[in-house]
Amino acid sequence: MKRSVVGVAVAAGVAFCGVQVLGTVPTLPTIGTEVVAHASDAKVVDSGTLGTCPWNITADGVLHVESGTLPEAYKLWSNMAGPLTSIQIWENGELGENGEPDHHNFPFQTISFDGQVKTPVNASFLFSELLYNGDDGAPQIKNWQNLDTSDSTNFSFMFYDSKQDNVDVSHFNTSKALNMHGMFSGTILGEGYENLNTRKVTDMGEMFREYGDDNPSSLDLSSFDVSKVNSDKGVAQYGGPVAGGFTDMFAGTNVKNLNIGNWKPNISLAGMFSGSDMSKISKLTLSPQDNLTDSKLLGPDTNATKDSDYTGKWENSNDQYLKPDDSNKTTYTTAGLISEYNGSTAPAGNQTYQWEPVVTPGNPVTIHYIAQDGKTIQPDTQLPGALDATYTVKPATIKGYQYVSADAPLTGTYTADPQSVTLTYKVAPVTPGGNGSGNSSESSNSSDSSSTGDQGHTKVVAKKDRAITAVKKIGFYNTPDFSKKTRQYYYAKQKRTRRPQFVITGVAQSKNGFKRYLVRDVTPGSKRYGKTGYITAKRAFTVHTYYQHNPKRVKVILGTNVYRDKVLKHRVKHLKRGTVLHVKKIVRYHLTTRLVLSDGSFVTSNKMKVLEK
């Protein structure tokens with residue numbers, strides 16, 4: 001059997017183009033099965049060596065890879081005339097031949113780097129095209145921080161079509177990287193790009209080709225050093241030289257907002273946006289050194305997916321609130337914008353351009369909420385609308401307070417200039433024995449958000465500074481008025497341990513009077529971590545991230561630790577999945593709660609870690 005290796009490097013029982021790796025091709029289980037942190041926590045059902053990395057598969061469906069160096073996944077074939085049609089992943093011998101024992105074919109859905117796993121000098125195709133089994137998806141990688149890339153120089157097609165829910169390169173050391181051709185081509189989502197060291201990289205062709213999922217995303221690559229990128233032909237990946245430089249870097253990408261400001265390339269961005277007439281890039285930040293000549297940039301006037309919401313011109317984002325006929329506003333055709341960035345002359349500094357909308361938006365009205373002593377009692381909200389349209393500010397109902405006055409008219413007209421209205425409230429009188437809006441006292445249980453989601457405890461409305469978790473598919477919007485235009489993206493419904501998490505930073509109302517939460521994404525490892533927006537306040541869509549009542553007994557569903565203090569800094573021991581704990585009481589810590597065990601130690605009350613029994 002030929003030993004040349006292409007495609008995936010880390011996959012037990014994974015196959016590409018029909019070639020078997022461990023006996024027969026496995027039936028991949030659905031992604032999302034609960035996994036444990038270490039091989040010792042579950043029965044080992046198979047083991048071996050990958051390069052110099054020991055590996056084992058445990059009965060819970062996890063492939064554990066220990067410390068060592070992975071083998072190369074790609075080797076050049078000098079006689080290759082087209083795409084490769086064969087693959088062998090493991091370097092520990094031709095399985096089942098040469099007297100070596102056959103391995104059992106155990107399926108897995110998670111690849112866990114449990115030790116320091118080094119990538120080879122040639123890391124090309126290392127995780128490309130992990131086995132795709134219909135709707136069941138591909139094995140998902142965890143513990144990215146344990147992947148040591150410091151020796152690798154070739155990262156070409158490393159994650160090509162790897163089908164990872166998220167590729168986290170935050171901890172990658174790419175100081176020796178020379179080639180990043182197609183590195184993230186076909187990747188769904190990723191994060192940590194700003195940490196990549198690209199100062200030696202000579203080839204970024206196809207780097208983000210067809211990048212992104214169905215929800216247009218943003219890419220901020222302004223930290224990239226592209227000074228060494230040249231137009232030489234790239235390494236022969238498919239039987240012949242491939243176009244290097246920036247060719248097809250964003251071809252067919254699903255990115256809507258792209259930032260390549262601060263760049264100082266020494267060649268033009270020729271062919272950077274080619275390869276598709278369906279580009280979704282509608283907001284672009286450029287540096288004066290970005291030469292768009294022959295870049296094949298598409299705009300609202302050259303895009304096959306023309307949108308009637310746009311005029312067909314580009315505008316500078318600094319002019320977005322100016323009317324189209326304003327003499328101070330300059331708009332560009334796509335060809336005109338390209339000519340502005342021609343390699344010899346360009347506007348000074350970083351400039352951001354976006355598709356000009358048919359309806360010019362007004363500058364949103366900012367609403368402040370303060371008590372009579374000047375203290376802020378609720379986060380600011382913004383009221384968006386079209387230029388010259390009329391707005392009406394409706395004072396929000398804030399528990400424990402009564403509206404008094406405003407420092408500006410509650411009705412006005414949207415302009416190109418920012419406007420604000422400050423609403424002043426007074427403390428509402430307490431009604432003895434009452435429980436109306438004037439009662440400012442709250443019990444620790446009754447003030448908690450949406451619902452606990454467990455054991456039938458009462459569902460209640462969430463308030464500011466509570467952590468909540470989405471339990472259904474949920475939209476994330478720019479404003480409290482939900483529409484296709486204001487929606488940033490959808491969060492898909494997920495299993496318990498992968499649900500999106502948010503912190504409520506404010507409460508707002510739509511024009512129709514519907515309550516919304518202003519939230520910040522705090523999902524661990526999320527590409528959207530830190531993003532702010534509005535979500536529905538309907539109780540059926542979210543639950544508390546942390547228990548708000550004493551659950552008495554909980555079962556560990558994802559490996560966690562016991563600590564000596566509620567800060568969770570001084571670890572006592574690790575708890576395996578399935579451990580049942582008896583809870584003495586619950587205590588609050590900042591935006592979260594902790595469970596106090598019978599011996600006085602503390603564990604998290606996060607519902608993705610522990611489940612009430």
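Everything discussed here concerns the structure shown above.
Nothing here was measured: the structure is a model prediction, and the numbers come from that model.

1. Observations concerning the sheet that holds strand β20 (residues 401-406)
Piece 1. Here four strands make up an open sheet; going across it, the order is β18-β17-β22-β20 and the pairing mixed. The two strands at the open ends of the sheet, each matched to only one other strand, are β18 (376-383) and β20. Pairs of neighbouring strands in the sheet enclose a mean axial angle of 25 degrees, with direction left out of account.
Piece 2. Pairing of strand β17 (residues 365-371) with β18 involves five bridges; the strand directions are antiparallel. Bridge pairing links valine 365 to leucine 383 in β18.

2. Description of the pairing of strand β2 (residues 53-58)
Piece 1. Counted residue by residue, β2 has five buried out of six residues, so it is predominantly covered.
Piece 2. Relative to β2, strand β1 (residues 44-50) runs antiparallel, the two sharing six bridges. Within the sheet, the bridge partner assigned to glycine 48 lies in β2 and is tryptophan 55.
Piece 3. Between the end of β1 and the start of β2, which pair antiparallel, lie two residues, with glycine 51 showing a positive phi angle near 65 degrees.
Piece 4. Pairing of β2 with strand β3 (residues 62-65), which is carried by four bridges, proceeds in the antiparallel orientation. Residue tryptophan 55 lies in a different strand from β3, and its bridge partner there is valine 65.
Piece 5. Taken together, β2 and the strand that follows it, β3, pair antiparallel across an intervening segment of three residues, in which glycine 61 is found at a positive phi of about 90 degrees.

3. Quick look at the packing of aromatic side chains
Piece 1. The full count for this structure, using the stated rule, is 28 aromatic pairs.
Piece 2. Between the aromatic rings of phenylalanine 184 and tyrosine 193, the centroid separation amounts to 4.9 Å while the plane-to-plane angle is 75 degrees, which identifies the pairing as edge-to-face.
Piece 3. Judged by relative accessible area, phenylalanine 184 falls into the buried class, the value being 0%.
Piece 4. Its relative accessible area of 4% is what places tyrosine 193 among the buried residues.
Piece 5. When the centroid spacing of 5.3 Å and the interplanar angle of 90 degrees are considered together, the rings of tyrosine 193 and phenylalanine 208 count as edge-to-face. Separated by 15 residues along the polypeptide, tyrosine 193 in the loop between β10 (190-191) and β11 (217-220) and phenylalanine 208 in the loop between β10 and β11 bring together distant segments of the chain.
Piece 6. Three or more aromatic residues joined by ring pairs form one cluster here, namely Phe113, Phe127, Trp144, Phe159, Phe172, Phe184, Tyr193, Phe208, Tyr211, Phe250 and Phe273.

4. Side note on the side chain of serine 112
Piece 1. Residue position: serine 112 is located in strand β5 (residues 110-113).
Piece 2. At 3.0 Å, the side chain of serine 112 forms a polar contact with the side chain of asparagine 143.

5. As for unusual backbone geometry
Piece 1. Even without being glycine, asparagine 143 reaches a positive phi, approximately 60 degrees.
Piece 2. One can find asparagine 143 in the loop between β7 (140-142) and β8 (147-148).
Piece 3. Given the relative accessible area of 23%, asparagine 143 is considered partly exposed.
Piece 4. Its identity as a non-glycine residue notwithstanding, aspartate 161 has a phi of 50 degrees, on the positive side.

6. What to know about a positive patch on the surface
Piece 1. Taken together, the side chains of Arg553, Lys555, Arg577 and Lys613 make up a positively charged region of the molecular surface.
Piece 2. Looking at the element boundaries, lysine 613 is found in the segment after β36 (610-612).

7. Regarding the pattern of salt bridges
Piece 1. With the rule as written, the count across this model stands at eleven salt bridges.
Piece 2. Here lysine 163 ties to aspartate 161 by a salt bridge, and the two come within 3.0 Å at their closest N and O atoms.
Piece 3. For aspartate 161, a relative accessible area of 24% corresponds to the partly exposed category.
Piece 4. Salt-bridge contacts for lysine 329 lead to glutamate 356; the nearest nitrogen and oxygen are separated by 3.0 Å. Taken as a pair, lysine 329 in the loop between β14 (310-316) and β15 (331-332) and glutamate 356 in strand β16 (residues 351-357) lie far apart in primary sequence, 27 residues in all.
Piece 5. For lysine 329, a relative accessible area of 9% gives the class buried.
Piece 6. Salt bridges sharing partners connect three or more residues here, namely Lys118, Asp148, Asp151 and Lys176.

8. Thoughts on the side chain of serine 128
Piece 1. Within the fold, serine 128 resides in the loop between β6 (117-118) and β7.
Piece 2. We classify serine 128 as buried; its relative accessible area is 1%.
Piece 3. Within the structure, the side chain of serine 128 is placed 3.2 Å from the backbone oxygen of phenylalanine 125, a separation counted as a polar contact.

9. Considerations on the environment of serine 185
Piece 1. Tracing the sequence through the fold places serine 185 in the loop between β9 (167-168) and β10.
Piece 2. Each C-alpha atom, one on serine 185 and one on methionine 249, is 8.7 Å from the other, the two residues being 64 residues apart in sequence.
Piece 3. Each residue touching serine 185, except ones within four places of it in the same chain, is listed here: Phe159, Tyr160, Asp161, Glu206, Met207 and Arg209.

10. Things to note about the sheet that holds β6
Piece 1. Here three strands make up an open sheet; going across it, the order is β4-β6-β8 and the pairing parallel. The sheet terminates laterally at β4 (68-69) and β8, the two strands that pair on one side only.
Piece 2. Across two bridges, β6 lies against β8 in parallel orientation. Each residue of the ladder has a partner; that of valine 117, found in β8, is leucine 147.

11. Comments concerning the environment of glycine 51
Piece 1. As for its placement among the helices and strands, glycine 51 is situated in the loop between β1 and β2.
Piece 2. Judged by its relative accessible area of 32%, glycine 51 falls in the partly exposed class.
Piece 3. With 68 residues separating them along the chain, glycine 51 and threonine 119 place their C-alpha atoms 10.0 Å apart.
Piece 4. What glycine 51 contacts, discounting residues up to four positions off in sequence, is Thr69 and Pro71.

12. Comments concerning the environment of phenylalanine 250
Piece 1. Residue position: phenylalanine 250 is located in the loop between β11 and β12 (255-260).
Piece 2. In sequence terms phenylalanine 250 and phenylalanine 208 are 42 residues apart; their C-alpha atoms lie 5.2 Å from each other.
Piece 3. Ignoring any residue separated from it by four or fewer positions in sequence, one finds phenylalanine 250 in contact with Phe208, Leu219, Leu221, Leu258, Met272, Phe273 and Ile281.

What counts, and at which threshold
- Residues numbered from 1 in each chain as written.
- Predicted model: local features only at pLDDT ≥ 70, side-chain atom pairs only at ≥ 80, totals over all residues.
- Heavy atoms only, no water.
- Pairing = 2+ DSSP bridges.
- Helix = DSSP H or I, 4+ residues; strand = E, 2+ residues; numbered from the N terminus.
- Axes fitted to C-alpha atoms, helices over the stretch in contact; angles between N-to-C directions.
- Buried < 20%, exposed > 50% of the residue type's maximum accessible area, 1.4 Å probe, protein only.
- Phe/Tyr/Trp six-rings, centres within 6.5 Å; stacked < 30°, edge-to-face > 60°.
- Polar contact = N/O pair within 3.5 Å; in protein donor to acceptor, adjacent residues only side chain to side chain.
- Patch = residues over 30% accessible without salt bridge, like charges linked within 9 Å, V, L, I, M, F, W, Y side chains within 5 Å.
- Areas by Shrake-Rupley, 256 points an atom, 1.4 Å probe, with all protein chains shown as cover.
- Salt bridge = Lys/Arg side-chain N within 4 Å of Asp/Glu carboxyl O.
- Lys, Arg positive; Asp, Glu negative; His and termini not counted.
- Charge placed at Lys NZ, Arg CZ, Asp CG, Glu CD.
- Contact = heavy atoms within 4.5 Å.

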